[in-house]
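Listed below are the residues making up each chain.
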There are 2 protein chains.
Amino acid sequence: MLYTSESLELLVEELAQLPGIGRKTAQRLAMYIMKLPREEVVNIAKAMVGVKDKVKNCSICSNFTEDDPCLICSSPKRDGSMICVVEDPNDVIAIEKTNEFIGLYHVLGGSLSPLDGIGPEDIKVKELLHRINENTGEIILALNPNVEGEATTLYLSRLLKPLGLKVTRIARGIPVGGDLEFTDEATLSRAIEGRVQI
Amino acid sequence: MLYTSESLELLVEELAQLPGIGRKTAQRLAMYIMKLPREEVVNIAKAMVGVKDKVKNCSICSNFTEDDPCLICSSPKRDGSMICVVEDPNDVIAIEKTNEFIGLYHVLGGSLSPLDGIGPEDIKVKELLHRINENTGEIILALNPNVEGEATTLYLSRLLKPLGLKVTRIARGIPVGGDLEFTDEATLSRAIEGRVQI
């Protein structure tokens, strides 16, 4: 018997299930929660259940939202002629932070990975095709620069180009603040390939 | 607007308040929670509020417990003649893991720290003195080997020795698996000081 309380043991176990939280961290968090006022603990607990109850996927772009369609899809300020295709809702947040993009998004909910048995029917490809209309001018593919992301980019570009759309992908190159000397060869060769006139 | 959902934003904010959890980790956790079945999220939330509702401090040793007195204080198997004094409930768990100690505990709830305005009346010193009776044979001081812990050890030993008790402290020395060469001077000098005959 390590803990003199079953509730405490249970909380440590529940917390240790979360990603990136080991048993030691879970124990530290549990002790912290023990010391918080009850009201604040209830707030955290409510926030957790709240996302499950309120947040759903937008029926248009599949991003997380409370209103359907989501605030981006229903905003008159966004440019409906551009659709940026991403893997996850997190990617939408990352792009929104740049303030660079004013178009709409399409969240695939993953990328093609034949080894894991994830094919085009497992991600929101069909939904993307359904969204395309005479208004759509450009599809920006913003998938992760790894094997699965590359495969998805290739697959989607082959699918979309015959529809007469402008299909682009975000640039791969040296990250800002990065060091040419320490950049890996693949990135550097993409950076040279993707050079732009100044 | 980064998040298309207020609930999600709220959850990230609530999680980011926890110790050792920054905004990025909070975001990752929130996304993970979004993907969990509702039932499991409710379990985590219930476990959090559960500790606040069920767990209290043992009226004898001040350790966290659901039953009063706690399972250790009320166990007939424990040796009531020994009391191990620690700072936090976490320290009880650490010592219980060793299976080395069969006596009782006393959780001070901190250590003396005049700079932070924490004096003997702010930690459970009075309660320790109240517990001592003709049964008590040895008090083991197991405080952290830092300035505050040392001060508390010194203070308690001066307080307890005149009562005719055996007062001991846990050994300071080279940790098991440690390297003599890389051990700091203070630890090494304590290790030499505390050498034992073989």
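Quick note: structure is the one above.
Note that the structure is predicted; figures quoted are calculated from it, not measured.

Caption draft 1: Main features of the packing of helix α3 (residues 38–54) of chain A against helix α3 (residues 38–54) of chain B. Where α3 of chain A contacts α3 of chain B, the axes come no closer than 9 Å and their chain directions differ by 175°. By the angle class used here, α3 of chain A and α3 of chain B are roughly antiparallel. Between α3 of chain A and α3 of chain B, the contacting residues are Arg 38, Val 41, Val 42, Ile 44, Ala 45, Met 48, Val 49, Lys 52 and Asp 53 of chain A on the first element and Arg 38, Val 41, Val 42, Ile 44, Ala 45, Met 48, Val 49, Lys 52 and Asp 53 of chain B on the second.

Caption draft 2: How the structure looks around the interface of chain B and chain A. Taken together, the contact pairs 55 residues of chain B with 55 residues of chain A. Across the chain B/chain A interface, buried area totals approximately 5,400 Å², and carbon plus sulfur atoms make up 69% of it. Linking chain B with chain A are 2 salt bridges, by the criterion used here. Residues Arg 38 of chain A and Asp 53 of chain B are paired through a salt bridge, measuring 2.5 Å at the closest nitrogen-oxygen approach.

Caption draft 3: Layout of the pattern of salt bridges. A full pass over the atoms with the stated rule returns 14 salt bridges over all chains. Taken together, the shared-partner salt bridges connect Glu 150, Arg 169 and Arg 172 of chain A into one network.

Caption draft 4: Structural view of helix α6 (residues 147–160) of chain A. Residue and element names in this part refer to chain A. End to end, α6 covers 20 Å across 14 residues, agreeing with the expected 20 Å (1.5 Å per residue, within 8%). Residues of α6 that are buried: Gly 149, Thr 152, Thr 153, Leu 156, Ser 157 and Leu 160. Relative to the axis of α6, the buried residues are bounded by an arc of 130° and lie together on one face. The exposed residues of α6 that point more than 90 degrees off its buried face are Val 147 and Arg 158. Against the buried residues of α6 lie β3 (79–86), α5 (125–131), β5 (138–141) and β6 (166–169).

Caption draft 5: Structural context of the sheet that holds β3 of chain A. Residue and element names in this part refer to chain A. Sheet architecture is open: 4 strands sit in the order β4-β3-β5-β6, paired in parallel fashion. Since the sheet does not close on itself, it has two edges, and those belong to β4 (103–107) and β6, each with one partner. Averaged over all adjacent pairs, the angle separating strand axes in this sheet is 25°, with direction ignored. Both β5 and β6 contribute to a ladder of 4 bridges, which runs parallel. Bridge pairing in β6 places Glu 138 opposite Lys 166.

Cut-offs and rules
Residues numbered from 1 in each chain as written. Chains lettered and ligands numbered in written order. Predicted model: local features only at pLDDT ≥ 70, side-chain atom pairs only at ≥ 80, totals over all residues. Heavy atoms only, no water. Axes fitted to C-alpha atoms, helices over the stretch in contact; angles between N-to-C directions. Helix = DSSP H or I, 4+ residues; strand = E, 2+ residues; numbered from the N terminus. Parallel < 35°, antiparallel > 145°, perpendicular 65-115°, else oblique. Contact = heavy atoms within 4.5 Å. Buried area = accessible area lost by both parts, 1.4 Å probe. Salt bridge = Lys/Arg side-chain N within 4 Å of Asp/Glu carboxyl O. Expected span 1.5 Å × (residues − 1). Buried < 20%, exposed > 50% of the residue type's maximum accessible area, 1.4 Å probe, protein only. Arc of directions from axis to C-beta. Pairing = 2+ DSSP bridges.

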